Each structure stands twice: as structure tokens, then as C-alpha cells.
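The lines below spell out each chain.
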Amino acid sequence: MTPDQEMLDAASGIIDLCRRHGEKLATAESCTGGLIGGCLTAVDGSSSVVDGGFITYSNEAKMAMLAVPGDMLAKFGAVSEPVARAMAEGALRHSPLASITVAVTGIAGPGGGSAEKPVGLVHFGCAASNRPTLHQSHIFKGDRHEVRRQTILCAFALIREMLARTEPQPL
């Protein structure tokens, strides 16, 4: 998936906001498979803000790389609020420089959905140093490409929401 102009503009805005706020950013991605990080690093100068990212597509990767508890995955499933929060908080703990992280876990389709967790359901977590972790969930419409595209844009919006809760740092 190649980022479109809307995605690149949103990524550029996040890079600028993080720079103004003195934040370093990391991602924890499941259903987007690194696309959020890819959009961010497509922006010139992103290395001043982006610390890294975790692609944790499997439950085993979520446990190994982000310390998401296995019993949490068993109880709630990978696509859930507790897991999205744990992914964001795990990325914050396991990133050497990050002060803010965003995590996504969902069902991009076309298969894999159920009545309880339909295709298009995505849970988001955003964690930041000394701030409460944020969560959102959305059910996006469209094909796999469109679900992932909307997920990226929503992840950027959640980062903006977290940054709006803090004062920018002097440059």
C-alpha cells in the first residue's frame, strides 16, 4: 500500500506536532503491518521524531515484543480495548527514546470477522509519558485497503488528541 497525499499530509502534521512538543514517537502495529511507521518515515526530517516501531501481527509477537499478557489475549482476544492499551503501553516501555506511542489492532478483512468482532473493527491505544492512555475503537467500512487507510488516519488523529493535552515545548 502506497501512502496517498492525505496520509502523507497527516503524517507530516504529526511529525511537526511531535517536534513542537518535544516528543519522540513509536508505533505498535498489528492490522496495519508497519504502514503507520511507513507513512511517518516517508516525511523528510522524521528521524528527529520517530524512534521506531513494532509490527506485532501474531499474538506471540505481541507477548514477546510488547509484553502483552497471554491471559489478556486469551480472555479478550487480540482485537480488544485491553490489548490495544497494553500494546501502546508496552511500546512505550520497550522503546529506548519514545515518549508517545500509538497502537492498532483490528480485523482488516476480507475474512476473520464475527458477529461480535466484525471485519473493519479496529481498537486504538495511545500511551504517553506521565499521561493516561487513550483508547478508541471504530468499525470502518470498505475493503482491506480502505480499512487500513482509515486506521492510519485515525491513529494520527489519536496522536493529535494526546498532544493536545500537553503544552508545546520551547524550540
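For clarity, every value in this text was computed on a predicted model and none was experimentally measured.

(A) Just the overall build of the protein, in detail. Across its full length, the protein holds six helices and five strands. Reading the helices (α) and strands (β) of the protein from amino to carboxyl end gives α-β-α-β-α-α-α-β-β-β-α. Since a compact globule built from 171 residues should have a radius of gyration of about 16 Å, the 15 Å found for the protein is in line with a globular shape. Viewed in the frame of its principal axes, the protein has a C-alpha envelope of about 50 × 35 × 25 Å. Taking all contacts inside the protein whose residues are at least 6 apart in sequence as the whole, residues at least 24 apart take part in 66%. With an accessible surface of roughly 7700 Å², the protein has 54% of that area assigned to carbon and sulfur atoms. Measuring between centres, the 15 positive side-chain charges of the protein sit 3 Å from its 17 negative side-chain charges.

(B) Quick peek at the sheet that holds strand β1 (residues 25–29). Ordered in space as β2-β1-β3-β4-β5, the five strands form an open sheet in which the pairing is mixed. Of all the strands in the sheet, just β2 (50–55) and β5 (131–139) have a single pairing partner and so form its edges. Direction aside, the axes of adjacent strands within the sheet are offset by 15° on average. Looking at chain direction, β1 and strand β3 (residues 100–106) are connected through five bridges and run parallel. Pairing of L25 across the sheet is with I100, part of β3. Where helix α3 (residues 59–66) meets the sheet, its contacts fall on β1, β2 and β3, and the angle it forms with β2 comes to roughly 140°.

(C) Structural view of helix α5 (residues 81–94). A rise of 1.5 Å per residue sets the reference length of α5, with its 14 residues, at 20 Å; its end C-alpha atoms lie 20 Å apart and thus fit the reference within 8%. Of all the residues in α5, the buried ones are V83, A84, A86, M87, A88, G90, A91 and L92.

(D) Up close: the pattern of salt bridges. Applying the stated criterion to the full structure yields seven salt bridges. Note that R149 is salt-bridged to E146, the shortest N-O span being 3.9 Å. Of this pair, R149 and E146 both sit in helix α6 (residues 144–164), three residues apart, which is roughly one turn of the helix. By relative accessible area, which is 15% here, R149 ends up buried. Owing to a relative accessible area of 26%, E146 belongs among the partly exposed residues under this scheme. One salt bridge connects E161 with R165, and the closest N-O pair in it is separated by 3.2 Å. The partly exposed category is assigned to E161, whose relative accessible area is 32%. The exposure class assigned to R165 is exposed, which follows from its relative accessible area of 52%. The network of salt bridges with common partners includes D4, E6, E146 and R149.

(E) The arrangement of the nonpolar core in detail. In this structure, L25, I36, L40, I100, F124, F156 and I159 are the most contacted members of the largest nonpolar core, which totals 36 residues. Of all elements in the fold, only α1 (5–21), α2 (35–41), β3, β4 (121–128) and α6 reach the threshold of two or more residues within this core. For this core, the element with the most residues is α6, which contributes ten residues. Among residues more than four places away in sequence, those in contact with L25 are I14, C18, L40, V49, V50, D51, G52, A98, I100, T101 and I159. Listed in part, the 15 residues of the second largest apolar core include F54, V68, M72 and V83.

Reading the values: the criteria
- Residues numbered from 1 in each chain as written.
- Predicted model: local features only at pLDDT ≥ 70, side-chain atom pairs only at ≥ 80, totals over all residues.
- Heavy atoms only, no water.
- Helix = DSSP H or I, 4+ residues; strand = E, 2+ residues; numbered from the N terminus.
- Rg over C-alpha atoms; globule rule 2.2 N^0.38 Å.
- Contact = heavy atoms within 4.5 Å.
- Areas by Shrake-Rupley, 256 points an atom, 1.4 Å probe, with all protein chains shown as cover.
- Lys, Arg positive; Asp, Glu negative; His and termini not counted.
- Charge placed at Lys NZ, Arg CZ, Asp CG, Glu CD.
- Pairing = 2+ DSSP bridges.
- Axes fitted to C-alpha atoms, helices over the stretch in contact; angles between N-to-C directions.
- Expected span 1.5 Å × (residues − 1).
- Buried < 20%, exposed > 50% of the residue type's maximum accessible area, 1.4 Å probe, protein only.
- Salt bridge = Lys/Arg side-chain N within 4 Å of Asp/Glu carboxyl O.
- Core = buried A, V, L, I, M, F, W, Y, C linked by side-chain atoms within 4.5 Å.

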